[in-house]
Amino acid sequence: MSVKDQYNRPILSFRMSITNRCNLNCLYCHHDGMLPSKDEMTPLEIEKITKIAKDLGVRRVRLSGGEPLIRKDIVDIVDKISQIGFKDISITTNGTYLSKYSKDLKDAGLDRVNVSLDTLNKDRYKFLTKKDYLDSVKDGILKAVEVGLSPVKINMVMMKGINEDEVWDMFRFSRDNGLILQLIELMESENCEDNIFSQDYHLNISPIEEEIEKIADDVKVRKDMQNRRKYYIGKGEIEIVKPLDNTNFCSNCTRLRLTPRGQIKPCLLRNDNLIDIIGPLRNGASDEELKAIFLDGISKREPYNKEK
């Protein structure tokens, strides 16, 4: 049985940022101050923390960054987590190292992967990431499908004046390669670069969703994923992620997060209530003491956007 917070939301998913290092410099990246690799959580520390999460009823683990595949011990990390017995283990990646690691990650126990890819246009990709890695990312995506990671999802952050004209190109690319497309509304957070919103890159994706809904063959609501809607069009799938000022996004949130610095993060959109767990762990805290830290983090969870 999963532990619930004071708003009766079960904690089913644990999102761990295992590094804030990255090989891209994306326009909308939530920079968090660079942490030297020597100070990052070790595979054994990550294993210990995820075991505590499992004891509290967490069913799914997602690894992210930064860029998680930049860690040379990423396969070892996945292997250790996979032996704990979670229902699902996934990674969110920029895809640049997927060709290199896909098979080893699959063999280590990784179930699925989300790839952040906002454009199929090389010039736009270079503008958004400051790098020329688009071909490597596409090769990595195909490799992930080939080795049996499933599903492979494309996370496409929508930005006004940049990529709103690429929705159907990305849909066709996803459909034709057995991928699921997630359209994500750009959201503001406390550690987001100010110029992202001051330059008005935010795009209300509701009109795009309305266009999709008109031609969809079927639609499903994912109750355990913030009530997000999934549309089926022929052999393709599109999910809509609209977190901005979305009370459903918050009221149905089942996630707890861990920062690269080993701090429990009760809410995606807040940085003022982080709780250190790596410090106590390194100082010899018992399993019961670590569990109490988790429960403290869960007690601090509250919807960022609430019903009026």
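Calculation criteria
Residues numbered from 1 in each chain as written. Predicted model: local features only at pLDDT ≥ 70, side-chain atom pairs only at ≥ 80, totals over all residues. Heavy atoms only, no water. Pairing = 2+ DSSP bridges. Helix = DSSP H or I, 4+ residues; strand = E, 2+ residues; numbered from the N terminus. Contact = heavy atoms within 4.5 Å. Axes fitted to C-alpha atoms, helices over the stretch in contact; angles between N-to-C directions. Buried < 20%, exposed > 50% of the residue type's maximum accessible area, 1.4 Å probe, protein only. Phe/Tyr/Trp six-rings, centres within 6.5 Å; stacked < 30°, edge-to-face > 60°.

**Here's the deal with the sheet that holds strand E3 (residues 88–93)**
The strand order E7-E8-E9-E6-E5-E4-E3-E2-E1-E10-E11-E12 describes an open sheet built from twelve strands, whose pairing is mixed. Among the strands making up the open sheet, the edge pair consists of strand E7 (218–222) and strand E12 (275–276). Sheet topology note: the strand E11 (residues 263–265)/E12 ladder contains two bridges and is antiparallel. By the bridge assignment for E12, Gln263 is matched with Asp276. Seen against the sheet, helix H8 (residues 206–215) touches strand E5 (152–158), strand E6 (180–185), strand E8 (228–233) and strand E9 (236–241) and runs at an angle of roughly 45° to E8.

**Observations concerning the environment of Ser150**
Tracing the backbone through its elements, the reader meets Ser150 in the loop between helix H5 (134–147) and E5. Overall, the relative accessible area of 52% leaves Ser150 in the exposed class. Ser150 sits 36 residues away from Asn114 along the chain, and the two C-alpha atoms are 9.7 Å apart. Excluding residues within four positions of it along the chain, Ser150 makes contact with Asp111 and Arg112.

**Some words on the packing of aromatic side chains**
Following the criterion strictly, the structure yields two aromatic pairs and no others. Each ring, one from Trp168 and one from Phe171, has its centre 5.6 Å from the other, and the planes form 80°; the classification is edge-to-face. Of this pair, Trp168 and Phe171 both sit in helix H6 (residues 167–176), three residues apart, roughly one helical turn. Taking the relative accessible area as the measure of exposure, Phe171 reaches 4% and is therefore buried.

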